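# Per-entry structural report
Letter by letter, the chains look like this.
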Amino acid sequence: MVMTPALYAMLYLLGSALCWSGFDVTRKQLAAVLSATALVALLTLGQVPLFLIWAGRDLLEVQPLGYLLPGGLGTALNVAANLMFIRAVQISPLSLTIPLLGLTPVFASLLAIPMLGEVPSIQAWLGILLVVGGALWLNRRTDISLLAALRRERGSLLMVGVSLLWALCSALDKLALAHASPAAHGALQCFGVGGVILIWLLLRGQLHELGRVRRVKGTFLLAIAFGVGALGLQFLALEVTFVSLVEALKRAIGVVLAVFAGRIFFGETVGRQKLVSVLLMAIGVAFFAMPG
């Protein structure tokens, strides 16, 4: 069988989604011991050595003039998005903020048109909308609508901003990957984000919080491995397919995996709401698989 770019992208994204799922689980465990800002600093800086080993001589081939603008801007936006994410979940319920990350594929699709000249086909747009609809439906609360949450909850508005920034970061990642390998880009991005957050902790007199990681060394090392796999495979996918499809498929696969993992490992129920959401996302993914 001939390996087409679309098939490579699907394999990369499946691997990335599996790693993101593992990363989410280990981050949740670490969050019980570490503050959010300390966790971001440790996890990003902790990935740098593995990315450097993977990159090897690729680091010498980074094209500074072409890389600086998208790479630097991506780093700055990632820092802002992480801090906004932390603030959003601090001031508003998770159930009214996390679902809004489902808007990321829509923002990514719209931004990729002027930034990258990537215009999704009609069937791809249908797939994206189904994936987003499934993600929002999965996380909806029956006692309050998402529109009501946007009016009432400051954290919800912040999370819309996070979705927009992370979508923009995906487009910037693709521009940066034209001037650096995925491994080199991963090393530079993690170093940049982690370094800025580290300075933030220093200025706030909170560096001592980093020492708590000694209590959970095993979980921390596992999280680092998952993080490198998640980000590295995502960058590989960005090299061979549209940003909009990367964001939509990553969210679809990740949500489906989360539903089944919750059932298998934690005995969570799979009710009608989850089944409808998974079905919508599966149909959306099927649209991507159709020949254009």
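Residues numbered from 1 in each chain as written. Predicted model: local features only at pLDDT ≥ 70, side-chain atom pairs only at ≥ 80, totals over all residues. Heavy atoms only, no water.

Scanning the protein chain from N- to C-terminus turns up 12 helices and zero strands. When the helices and strands of the protein chain are read in sequence order from the N terminus, they spell out α-α-α-α-α-α-α-α-α-α-α-α. Evaluated residue by residue, the protein chain yields a buried proportion of 47% over its 292 residues. When the accessible surface of the protein chain is summed, it comes to about 14400 Å², and 70% of that surface belongs to carbon and sulfur atoms. (Helix = DSSP H or I, 4+ residues; strand = E, 2+ residues; numbered from the N terminus. Buried < 20%, exposed > 50% of the residue type's maximum accessible area, 1.4 Å probe, protein only. Areas by Shrake-Rupley, 256 points an atom, 1.4 Å probe, with all protein chains shown as cover.)

Averaged over every residue, the pLDDT of the protein chain is 82; residues scoring 70 or more account for 79%. When mean pLDDT is compared element by element in the protein chain, helix 9 (residues 182-203) scores highest at 94, while helix 4 (residues 94-97) scores lowest at 61. (pLDDT = per-residue confidence, 0-100.)

A word on the packing of aromatic side chains. Under the definition given, this model contains two aromatic pairs. Ring centres of Trp-20 and Phe-23 lie 5.8 Å apart, and the angle between their planes is 55 degrees; this geometry places the pair in the tilted category. Of the two residues, Trp-20 and Phe-23 are both situated in helix 1 (residues 5-31); the distance of three residues between them amounts to about one turn of the helix. Seen from their ring centres, Phe-51 and Trp-54 are 5.9 Å apart, and the 20 degrees between their planes marks the pair as stacked. On the criterion of helical spacing, the pair formed by Phe-51 and Trp-54 is a turn pair, its members being three residues apart in helix 2 (residues 36-55). Judged by relative accessible area, Phe-51 falls into the buried class, the value being 0%. (Phe/Tyr/Trp six-rings, centres within 6.5 Å; stacked < 30°, edge-to-face > 60°.)

This next bit is on helix 2. For helix 2, which comprises 20 residues, the first-to-last C-alpha distance of 28 Å matches the rise-based estimate of 28 Å (1.5 Å per residue) to within 8%. A bend of about 30 degrees at Pro-49 is the largest found in helix 2. By the burial criterion, the buried members of helix 2 are Thr-37, Ala-38, Leu-39, Val-40, Ala-41, Leu-42, Leu-43, Thr-44, Gln-47, Val-48, Phe-51 and Ala-55. In the segment just after helix 2, Gly-56 is the residue with positive phi, at about 55 degrees. (Expected span 1.5 Å × (residues − 1). Bend = angle between axes of the 7 residues up to and from the residue.)

So, on to the packing of helix 2 against helix 10 (residues 217-240). Following both chains from N to C, one finds helix 2 and helix 10 inclined at 60 degrees, their axes separated by 9 Å at the closest point. Remark: the crossing between helix 2 and helix 10 carries right-handed chirality. Listed contacts from helix 10 to Leu-42, Leu-43, Gly-46, Gln-47, Leu-50, Phe-51 and Trp-54 of helix 2 are Phe-220, Ala-223, Ile-224, Ala-225, Gly-227, Val-228, Leu-231, Gly-232 and Leu-236. Considering only residue class, the contact of helix 2 with helix 10 consists of 12 nonpolar, four polar and no charged. (Axes fitted to C-alpha atoms, helices over the stretch in contact; angles between N-to-C directions. Left-handed = near helix turned anticlockwise from the far one by under 90°. Contact = heavy atoms within 4.5 Å. Nonpolar A, V, L, I, M, F, W, Y, C, P; charged D, E, K, R; others polar.)

All chains considered together, the criterion is met by one salt bridge. A salt bridge links Lys-174 to Glu-118; the nearest nitrogen and oxygen atoms lie 2.6 Å apart. With Lys-174 in helix 8 (residues 154-176) and Glu-118 in the loop between helix 5 (104-116) and helix 6 (122-138), the pair connects residues that are 56 residues apart, well separated along the chain. In this structure Lys-174 comes out as buried when scored by relative accessible area, which is 19%. For Glu-118, a relative accessible area of 6% translates into the label buried. (Salt bridge = Lys/Arg side-chain N within 4 Å of Asp/Glu carboxyl O.)

Looking now at the packing of helix 9 against helix 10. Close contact between helix 9 and helix 10 brings their axes to 9 Å; oriented N to C, the two are set at 130 degrees. Overall, the two elements helix 9 and helix 10 adopt an arrangement that is oblique. The two elements helix 9 and helix 10 cross, and the hand of that crossing is right-handed. Residues Pro-182, His-185, Gly-186 and Cys-190 of helix 9 form the contact with helix 10, whose own contacting residues are Leu-231, Gly-232, Phe-235, Leu-236 and Glu-239. (Parallel < 35°, antiparallel > 145°, perpendicular 65-115°, else oblique.)

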